[in-house]
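Architecture at a glance
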Amino acid sequence: MQFDWELTGKIVWCLCLVAWALIRWVPNRRSRKVKIAATSRTLSERFSMTVSWLGLGGVPAVWVFTGFPAAFDHAANPILVVLGLIIFAISLRLFRLTHKALGAMWSHSLDLRENHKLVTSGIYEKVRHPMYSAFWLWALAQPFLLANWIAGFSGIVGFGILYFLRVGQEEAMMEQRFGEDYRVYRTRTKRVVPGIY
Ligand code: SAH
């Protein structure tokens, strides 16, 4: 019997999502206890969050559990599956570091919490959007793990829409709240890739 790399990729993908949910579990419960003082959640923000979750979770899950749309399947490749696992593992490590640094300042949308502090330490010394770096790595891992063109690339499209609609708005919100401190922080850090972008 031949080893089933397509199934292996699907199982790795599922396990990585479970690991991600576990990493987020405690920070999510903790940050909920700190009141939201101001929010910049717009209609476009709600739309892009939905699109992002469909791309990173919904569309791949439909393929993983039902095989739809099978017309876009392609052959699974062992090297790609292993690379996908490595990329997703780095993403998970990064998620952990971002939650550790942000603590209760974390929010899944554009919110500022009571007594919000600007975090510039830990992983936030390297880049100013390390959580988005982690989401980009997750999106990038999917075409390696999932042997279907639609399920594989939906995350890059979905998260890409959220990222590009949100990042400028988020920086404007942070600059409005933290003024010069944020402007200084912005000039000495890149957005998602240290030293490059
Ligand atoms: N863009 C960041 C955080 C994503 S979570 C990253 O990719 O790592 C989104 C929330 O985090 C925003 O609503 C904002 O309130 C908060 N946030 C973003 N950068 C922050 C920082 N440097 N310090 C404190 N809070 C921050």
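Predicted model, so just to flag it, every value in this text is computed and none were measured.

**Focus on the packing of helix 4 (residues 130-145) against helix 5 (residues 149-178)**
Their axes nearest at 7 Å, the elements helix 4 and helix 5 cross at an angle of 160°. As the angle between them shows, helix 4 and helix 5 are arranged roughly antiparallel. Handedness of the helix 4/helix 5 crossing: left-handed. Contacts between helix 4 and helix 5 involve Y132, F135, W136, A139, L140, Q142 and P143 on the former and, on the latter, A151, G152, F153, S154, G155, I156, F159, G160, Y163, F164, R166 and E170. Taken together, the residues of the contact of helix 4 with helix 5 break down into twelve nonpolar, five polar and two charged.

**Considering the environment of F68**
Structurally, F68 can be placed in the loop between helix 2 (43-66) and helix 3 (78-102). In sequence terms F68 and L162 are 94 residues apart; their C-alpha atoms lie 25 Å from each other. Those residues within four positions of F68 in sequence are excluded, and the remaining contacts are V62 and W63.

**A closer look at the packing of aromatic side chains**
Ring pairs (aromatic) are described by centroid distance and by the angle formed between their planes. Enumeration over the complete set of coordinates arrives at 21 aromatic pairs. Measuring from centroid to centroid gives 6.2 Å for W149 and F153, while their planes differ by 20°, and the two rings are stacked. With a gap of four residues between them, W149 and F153 both fall in helix 5, about one helical turn apart. A relative accessible area of 48% places W149 in the partly exposed class. F153 sits in the partly exposed class, given a relative accessible area of 39%. An angle of 85° between the planes, with centres 4.9 Å apart, marks the rings of Y163 and F164 as edge-to-face.

**Focus: the state of the cysteines**
Throughout the structure, instances matching the rule amount to zero disulfides. C14 forms no disulfide, and the closest cysteine sulfur to it belongs to C16, at a distance of 9.5 Å. Given the relative accessible area of 22%, C14 is considered partly exposed.

**A closer look at helix 5**
Helix length check: helix 5 (30 residues) gives 42 Å between terminal C-alpha atoms against 44 Å at 1.5 Å per residue, within 8%. At R166, helix 5 is bent by approximately 35°, the largest bend along its length. Between the side-chain oxygen of the N-cap and the backbone nitrogen of I150 there are 3.0 Å, and the N-cap of helix 5 in question is N148. At the C-terminal side of helix 5, G179 shows a positive phi close to 55°.

About the criteria used
- Per chain, residue numbering runs from 1 following the sequence as it is written.
- Local features in this predicted model are restricted to residues whose pLDDT is 70 or higher, and side-chain atom pairs enter the listing and the counts only when it is 80 or higher, whereas totals over whole chains, interfaces and linings include all residues.
- Side-chain metrics rest on all non-hydrogen atoms present in the structure, leaving aside hydrogens and water.
- As a rule, the C-alpha atoms of each element are fitted with a line to give its axis, helices using only the stretch in contact, and angles between N-to-C directions run from 0 to 180 degrees.
- Counting from the N terminus, the helices are the DSSP runs of H or I reaching at least four residues and the strands are the DSSP runs of E reaching at least two.
- Working definition: roughly parallel below 35 degrees, roughly antiparallel above 145 degrees, roughly perpendicular at 65 to 115 degrees, and oblique for all remaining angles.
- In this scheme the crossing of two helices becomes right-handed for a clockwise turn of the near helix relative to the far one and left-handed for an anticlockwise turn of less than a right angle.
- Whether two residues touch is decided by their heavy atoms; if any such pair falls within 4.5 Å, the residues are in contact.
- Three categories are distinguished: nonpolar for Ala, Val, Leu, Ile, Met, Phe, Trp, Tyr, Cys and Pro, charged for Asp, Glu, Lys and Arg, and polar for the others, with Gly belonging to the last.
- Aromatic rings from Phe, Tyr and Trp, with only the six-membered ring used for Trp, were paired whenever their centres fell within 6.5 Å, and each pair was classed as stacked if the ring planes differed by under 30 degrees, edge-to-face if by over 60, and tilted otherwise.
- Only protein chains enter the calculation, and the probe is 1.4 Å; a residue is then buried if its accessible area is under 20% of its type maximum, exposed if over 50%, and partly exposed in between.
- Note on terminology: pairs of cysteine sulfur atoms within 2.5 Å are recorded as disulfides.
- Multiplying 1.5 Å by the residue count of a helix minus one yields the expected span of that helix.
- We define the bend at any residue as the angle between the axes fitted to the seven residues before and including it, ending there, and the seven starting there.
- Under this definition, polar contacts are N or O atom pairs within 3.5 Å; protein pairs additionally need one hydrogen-donor-capable and one acceptor-capable atom, and for neighbouring residues in sequence, both atoms have to be side-chain atoms.

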